[in-house]
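Take a look at the letters that make up each chain.
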Amino acid sequence: MADQPLNALTKRRQAANMTEAGKRALGHQLAPYIRSYVDASKFGVVYDTTIDSSVAVQAAIDASKGKALVFTGEFSARNVKMADSTYNDTRIICEGRWHMPTDGMTNTPGLNVPAALHIGTASGIVLHFRGHGERASKGNREQISMLMLAGSTNLDIPEFDVIECRGDGVYISHLGVGALGAICNGVRFGRFSAVNSSIDGRNAVSIITGRNISIESLWVDGFGRLQNAGPMMPGGFDIEPDHDYEIVENISIGKAYIRTVGQAGFAVHGRGAIRTRNVSCMDLMLENYADPNTVDEYAAMTQQYGDLVKVVNSDNVRIRGEAKWVNAYGNGLIANGNRNCSIDLTLSHVNTGAITGGAPILGGISTEERCNYNLSIRDVSRYGWVHGAETSCRLTGDISGAVTTHYSNRFANLLDGAAVRSRYSVAVDDATNWTRAYRHNSGTYDRCVLHDVDLSNHTTVNNRVDDTVMMRENVGGVTDAAAQPNDGSWIAGQFVRDTARTVTANGNSRVGWERMTTGSANVASTGWRAVYVKTVDTV
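Residues numbered from 1 in each chain as written. Predicted model: local features only at pLDDT ≥ 70, side-chain atom pairs only at ≥ 80, totals over all residues. Heavy atoms only, no water.

Student: Explain the overall build of the protein chain to me, using residue names and the numbers behind them.
Tutor: A tally of regular secondary structure across the protein chain gives four helices and 38 strands. Once the C-alpha set of the protein chain is aligned to its principal axes, its extents read approximately 105 × 55 × 45 Å. Here the protein chain holds 539 residues, and the buried ones make up 56% of them. Counting only contacts in the protein chain whose residues sit at least 6 apart along the sequence, the fraction spanning at least 24 positions is 68%. Carbon and sulfur atoms form 50% of the exposed surface of the protein chain, whose accessible area is close to 20,900 Å². Here the protein chain contributes 51 positive and 55 negative side-chain charges, whose respective centroids are spaced 4 Å apart. (Helix = DSSP H or I, 4+ residues; strand = E, 2+ residues; numbered from the N terminus. Buried < 20%, exposed > 50% of the residue type's maximum accessible area, 1.4 Å probe, protein only. Contact = heavy atoms within 4.5 Å. Areas by Shrake-Rupley, 256 points an atom, 1.4 Å probe, with all protein chains shown as cover. Lys, Arg positive; Asp, Glu negative; His and termini not counted. Charge placed at Lys NZ, Arg CZ, Asp CG, Glu CD.)

Take a look at the structure:
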């Protein structure tokens, strides 16, 4: 079992509190594991973080190929490599933290980034990693990695715990430049923690290329802006291929808690026609506590440029959880160019809660296709949900809490793209602070339906659905009325139920009105035709 050696060493530390008999019994049980691990100090590693032990650490690992090595104290090293298959099945435990010396401005030989430890095309490595990035001594550079993986396979990292990083906790890529070389395949992280004591760093996790990567639990705090003064970084978990030939597939995260000041605390990007595929995180908690950097309509510094969750050019992404801005109003979810995605999020304290099907990013397309998004959007300074190009999508949820002090117009749903065969069922709360519940901007609607929402607390049809010319089903305040509709735009064939059930002189009952034409002309006998049923027996 991969975890047994670490558990054994932990029990060894606890043995001092046992009885003598207990110590002897435990010693017999653990002897095989303890004997199998060699202390790196035997190879000249000095447990003193002021001394650079890079050469000795490399020698210790080279001498332990296929064996087990333990670092029992704090030490400093960089540019250490496990480059090829000669390191297969090596086991390494960092009981003390691995510190990264020097300013981090010089690349690791053979790489285009500086790294404390680089693992190449080795397989079957077991690594318990505890690191310290020494960010206070680093130059202002985002490409500095505690751990870099390129071409690694069947890698097991039960514990990854890093602090004080200037760049990335872990950077996962491939071999080669200009074409896709060997990629990482089969990397498992158990408990993953990356924490900075003050704001700094790029990402806890950066994935450029890789397949079959899992993280059991992810804890991130304090990433997203170099030295708390440089440009915003992504700031948490980031999948972002740099080139069209780079592939990311089958990435799973169990629980994730991310506190960030970055551009996107949880980001999944594909690039061009090569889509990132099969990514899941079904228990996400994300907070962005960046300060405002953008003024609102009334020139008050209350807004922030950035996103909580971003999914672009991807296929089959599954996300569920909560995300919020703390100090500023920023964007919630950005989703463009995706297929077959399912996202269920509560998004709070947002400038715009969600933008789906917006402008193309990274050479992709704008259209969202066959996606299911269920969003609960709360505390909104401007727009609840901006709907762009959406084809065969299901958009559900609720929007509440418009704030009136930042923008003069506040639209809960703004329809601004080509919608095809999509269904909308997004409830909107009390109309007091919303300019429109559904606002037509430049959208087109081909076989789309608005259904199963109650908008009756909004004052007019225009306030409820504006000029969104699509079929409506069971929409309170729209598909029922006490008189013929006299405002709004309608699609031919729409039926509005008469809630008054007016009875004519001859005893017929008016059940509603049928829309005769598509458009906004609301004239009896031209735009609308009353529909009656006979209630008098004529036989």
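From this point on, the discussion continues.
Student: Lay out the environment of Val113 with the relevant residues and their values.
Tutor: With respect to the secondary-structure elements, Val113 resides in the loop between strand E6 (98-99) and strand E7 (115-119). Classification of Val113 by relative accessible area gives buried; the value is 5%. As for Val113 and Tyr171, which are separated by 58 residues in sequence, their C-alpha atoms are 9.8 Å apart. Beyond its immediate chain neighbours, meaning those up to four positions away, Val113 contacts Asn107, Thr108, Arg141, Gln143 and Met148.

Student: Can you explain the confidence of the model for the protein chain? Please cite residues and give values.
Tutor: With 93% of its residues at a pLDDT of 70 or more, the protein chain shows a mean pLDDT of 90. In the predicted structure, residues 1-18 sits below a pLDDT of 50 and forms 27 contacts with residues beyond four places in sequence or in another chain. (pLDDT = per-residue confidence, 0-100.)

Student: If you had to explain the sheet that holds strand E36 (residues 495-498) to someone new, which residues and values would you point to?
Tutor: Strand order in this open sheet of four strands is E35-E36-E37-E38, and the pairing throughout is mixed. Only two strands of the sheet have a single neighbouring strand rather than two, namely strand E35 (480-481) and strand E38 (528-533). Note that E35 and E36 share two bridges and pair parallel. Paired with Asp480 across the bridge in E36 is Arg497. (Pairing = 2+ DSSP bridges.)

Student: A description of the environment of Asp89 should follow, citing residues and the corresponding values.
Tutor: By the element assignment, Asp89 lies in the loop between strand E4 (80-82) and strand E5 (91-94). Between the C-alpha atoms of Asp89 and Tyr289, which are 200 residues apart in sequence, the distance is 42 Å. Among residues more than four places away in sequence, those in contact with Asp89 are Gly66, Lys67, Ser123, Gly124 and Ile125.

Student: Describe in detail unusual backbone geometry, supporting the description with residues and values.
Tutor: Located in the positive-phi region is Asn154, a residue other than glycine, with phi close to 50°. Looking at the secondary structure, you find Asn154 in strand E10 (residues 153-163). Positive phi outside glycine occurs at Ser525, with the angle close to 75°. With respect to the element layout, Ser525 can be found in the loop between strand E37 (509-515) and E38. Assessed through its relative accessible area of 71%, Ser525 is described here as exposed.

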